[in-house]
Amino acid sequence: MKNTLCIIIILMLSILVGCTSDFKIDENVVKDFSNKITETVVNKLDKEKAEKKENHSIDASNINELKIENSVGDITITVADVEKAKIDVNIAAYATNKDDAEKLIEEYTYTIESKWNTINIDTTKFAEIKDNEFTVDLNINIPKSIEDISIINNVGDINIDNMEGKIIIKSNVGDISINNSKSSYDINNDVGKININNCTFIGKSELKINTGDAKITASNISEAKNITAEVNVGNISVLLPENSSYNADINEFLENQRNVVNGYGKTNIKLVTKVGEIKIE
């Protein structure tokens with residue numbers, strides 16, 4: 001996790017907020033982010049660490065949806081030509097001494113279950129254990145039959161490869177990367193980047209960031225009805241195929257609203273940044 005980068009981003013945000021009178025930010029939200037980063041990084045530097053790794057395999061022949069709720073940790077999902085979903089859970093616990101860290105590992109519980117055509121993964125049930133004493137990384141391989149992915153993650157990076165269907169993500173702190181996929185994308189990230197790399201857009205997609213850059217490299221948007229990217233503090237970069245047909249409304253910091261049309265203007269695109277630059281080509 002690139003949490004040290006997040007600290008820099010928040011500091012930059014404070015500077016930017018001080019430099020513009022029009023842009024307002026919820027100071028309590030920024031403080032909460034800063035505290036979370038401190039808890040998950042700085043407070044672990046002088047603590048002992050215990051680790052546990054577990055592996056799960058689930059028959060996914062009748063599964064079409066994956067739901068994940070995680071607190072602190074990275075999530076990596078790869079879609080492949082397989083019949084079973086394989087889930088690797090890497091748990092780390094932190095305490096003032098090794099014995100206490102090992103005890104935390106033993107007390108920690110999570111759930112992975114298959115029900116109603118859905119795989120549900122929940123690593124947030126810590127009971128009385130504080131989540132800042134843990135990181136839980138998930139490395140997941142799923143079959144192509146899974147068409148919907150929904151993720152809620154508090155702190156950590158998220159990476160998804162080769163997905164076809166629908167992707168919904170809500171993240172507080174961390175970078176989000178989606179590669180080589182054909183999907184609709186509903187992504188809300190408070191602090192961190194969103195990178196959509198070599199992907200096809202279908203249906204309606206919406207990307208929102210409080211602080212961080214959005215970078216979109218699309219391989220095809222012919223099946224996309226709407227694409228929206230909104231950033232409070234950060235830049236937006238969009239690279240589309242030359243034969244793309246779109247009508248783009250662009251609202252850029254300290255610039256007049258402008259409209260860019262290519263081809264017949266089939267796909268409606270909306271790009272907004274309150275503090276930052278927008279590039280589309």
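Conventions and cut-offs
Residues numbered from 1 in each chain as written. Predicted model: local features only at pLDDT ≥ 70, side-chain atom pairs only at ≥ 80, totals over all residues. Heavy atoms only, no water. Helix = DSSP H or I, 4+ residues; strand = E, 2+ residues; numbered from the N terminus. Buried < 20%, exposed > 50% of the residue type's maximum accessible area, 1.4 Å probe, protein only. Contact = heavy atoms within 4.5 Å. Areas by Shrake-Rupley, 256 points an atom, 1.4 Å probe, with all protein chains shown as cover. Phe/Tyr/Trp six-rings, centres within 6.5 Å; stacked < 30°, edge-to-face > 60°. Patch = residues over 30% accessible without salt bridge, like charges linked within 9 Å, V, L, I, M, F, W, Y side chains within 5 Å. Salt bridge = Lys/Arg side-chain N within 4 Å of Asp/Glu carboxyl O. Lys, Arg positive; Asp, Glu negative; His and termini not counted. Charge placed at Lys NZ, Arg CZ, Asp CG, Glu CD. Pairing = 2+ DSSP bridges.

Caption draft 1: Spotlight on the overall build of the protein. Helices and strands together make up the secondary structure of the protein, namely three helices and 19 strands. A burial count over the protein gives 46% of its 281 residues as buried. In the protein, of all internal contacts separated by at least 6 residues, the share reaching a separation of at least 24 is 50%. Carbon and sulfur atoms make up 44% of the accessible area of the protein, which totals about 14,300 Å².

Caption draft 2: The packing of aromatic side chains, seen in detail. With the rule as written, the count across this model stands at three aromatic pairs. Among the aromatic side chains, those forming a connected cluster through ring pairs are Tyr108, Tyr110 and Phe134.

Caption draft 3: Representation of a negative patch on the surface. Together, Asp99, Asp100, Glu102, Glu106 and Glu107 give the surface a local cluster of negative charge. Assignment of secondary structure puts Asp100 in helix H3 (residues 98-107).

Caption draft 4: Summary view of the pairing of strand S14 (residues 214-233). Where strand S13 (residues 194-211) and S14 come together, 15 bridges link them in parallel fashion. Residue Lys208 lies in a different strand from S14, and its bridge partner there is Glu230. The sheet contact formed by S14 and strand S15 (residues 236-239) spans four bridges and is parallel. Directly across from Ile216, in S15, lies its bridge partner Val238. Taken together, the seven bridges between S14 and strand S18 (residues 267-275) define a ladder with parallel strand orientation. Opposite Val231, over in S18, you have Thr273 as the bridge partner.

Caption draft 5: The arrangement of the pattern of salt bridges in detail. A complete count under the given rule lists seven salt bridges for this structure. A salt bridge links Glu51 to Lys49; the nearest nitrogen and oxygen atoms lie 3.6 Å apart. By relative accessible area, which is 53% here, Glu51 ends up exposed. A salt bridge links Glu252 to Arg258; the nearest nitrogen and oxygen atoms lie 2.9 Å apart. Taking the relative accessible area as the measure of exposure, Glu252 reaches 14% and is therefore buried. The class for Arg258 is partly exposed, based on a relative accessible area of 31%.

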